[in-house]
Amino acid sequence: MNIIETFDITTQNILKELEKTQHDFWNISRVTAEFMYNFIIDANIKSVVEIGTSNGYSGIWLGKALKKTGGRLLTIEFYEKRIVLAKDNFEKCGVADIIDIKQGDASTILEYLPEDYKIDFAFVDACKKQYIDFFHLIHPHLKTGGYIACDNVISHAQKVQTFLNDIDNNPDYENVILPLPAGLSLGKKIK
Ligand SMILES: C[S@@+](CC[C@H](N)C(=O)[O-])C[C@H]1O[C@@H](n2cnc3c(N)ncnc32)[C@H](O)[C@@H]1O
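Residues numbered from 1 in each chain as written. Predicted model: local features only at pLDDT ≥ 70, side-chain atom pairs only at ≥ 80, totals over all residues.

Asker: How should I be thinking about the site of the ligand in this particular structure?
Answerer: Contacts to the ligand come from 19 residues, most closely from Trp26, Gly52, Tyr57, Ser58 and Ala126. For the shell around the ligand, the secondary-structure elements that each account for two or more residues are α4 (57–69), β2 (72–77) and α6 (106–111). When its residues are assigned to classes, the shell around the ligand shows nine nonpolar, six polar and four charged. (Near = placed C-beta within 6 Å. Helix = DSSP H or I, 4+ residues; strand = E, 2+ residues; numbered from the N terminus. Nonpolar A, V, L, I, M, F, W, Y, C, P; charged D, E, K, R; others polar.)

Asker: Help me understand the environment of His141, please; the structure alone is not making it clear to me.
Answerer: By the secondary structure assignment, His141 is in the loop between α7 (131–138) and β5 (142–151). Along the chain, His141 and Lys118 lie 23 residues apart, while their C-alpha atoms are 4.9 Å from each other. His141 has contacts with Leu113, Tyr117, Lys118 and Ile119, leaving out every residue within four places of it along the chain. (Contact = placed C-beta atoms within 7 Å.)

Asker: Would you mind going over unusual backbone geometry with me for this structure?
Answerer: The phi torsion at Asn44 lies on the positive side, around 50 degrees, for a residue other than glycine. Examined against the element boundaries, Asn44 turns out to sit in the loop between α3 (30–42) and β1 (47–51). For Asn44, a count of 11 C-beta atoms within 10 Å translates into the label exposed. The phi angle at Ser54 is positive, at roughly 55 degrees, despite the residue not being glycine. By the C-beta count within 10 Å, which is 24 here, Ser54 ends up buried. (Buried ≥ 20, exposed ≤ 12 C-beta atoms within 10 Å, placed from the backbone.)

Asker: Looking at this structure, I do not really get the sheet that holds strand β3 (residues 99–103). What am I missing?
Answerer: Strand pairing within a sheet occurs via backbone hydrogen bonds; the two strands may be parallel or antiparallel. As summarised here, the arrangement of the seven strands in space is β3-β2-β1-β4-β5-β7-β6, forming an open sheet in which the pairing is mixed. Lying at the two open borders of the sheet, with one neighbouring strand each, are β3 and β6 (173–178). Averaged over all neighbouring strand pairs, the angle between strand axes comes to 15 degrees, with direction disregarded. With five bridges joining them, β5 and strand β7 (residues 184–189) adopt antiparallel strand pairing. (Pairing = 2+ DSSP bridges. Axes fitted to C-alpha atoms, helices over the stretch in contact; angles between N-to-C directions.)

Asker: How do you make sense of the packing of α7 against helix α8 (residues 157–168) when you look at a structure like this?
Answerer: Any two packed helices are characterised by how steeply their axes cross, that is the angle between the axes, and by the distance between the axes. The interhelical angle for the contact between α7 and α8, taken along N-to-C directions, is 35 degrees, at an axis separation of 7 Å. Contacts between α7 and α8 involve Tyr131, Ile132 and Phe135 on the former and, on the latter, Val160, Thr162, Phe163, Asp166 and Ile167. In the contact of α7 with α8, the residues fall into six nonpolar, one polar and one charged.

Asker: Is there a simple way to think about the pairing of strand β4 (residues 119–124) in this case?
Answerer: Every regular strand shows the same layout, with side chains that alternate between the two sheet faces. The buried count for β4 comes to five of six residues, which makes it a mostly enclosed element. Summarising the sheet, β1 and β4 pair through four bridges and their orientation is parallel. Bridging across to β4, Val48 finds its partner in Phe121. As judged from the five bridges shared by β4 and β5, these two strands associate in the parallel manner. Across the sheet, Phe121 pairs through a bridge with Tyr147, a residue of β5. As a crossover connection, the stretch from β4 through α7 into β5 is right-handed. (Right-handed = clockwise from strand over helix to strand, strands pointing away.)

Right, here's the structure in full:
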């Protein structure tokens, strides 16, 4: 059975509708979403931070996985109009109760996270040139054994190159690039 078919019918319909406008809202591919959904459940991940909410397509998948692990999602977006759409989608898909949406620039929001805020899995899918900054801001909050996944590392290879060089040269991380549609890097914090 396809993963999407395990969801309630409303969620299935909303995800399929959102896939029709995927390019307008820069949503991740379904296969990338399915990968993260399985990964979060299999690794029993509880605390996820997403940079780049858009209309909530990826957030629905992350939220559905976190419903299974008993976790929560913090998702960050600076455009009010997209947040309104995302909120509505989260409510309709039954994941709104475990999702906190913060509006603003992700760098600022990450900078002001409480010192003791711990992240198991960070999903970065926003301004590509800022990936390196997001990485440095996420690093102190990421648990040892936690992950940072970044989308578009193949489709926007040039723009994310400084980030990739940085994480590849960081002895605290093991990083791999998965050949999912836009390219997803998956870095594990090993110490
Ligand atoms: C690629 S889309 C996210 C798609 C979403 N993850 C999904 O798959 O459904 C990137 C989003 O990040 C937002 N964004 C870009 N840079 C940002 C920043 N520095 N802070 C907050 N939001 C940002 C954009 O407004 C846009 O909606």
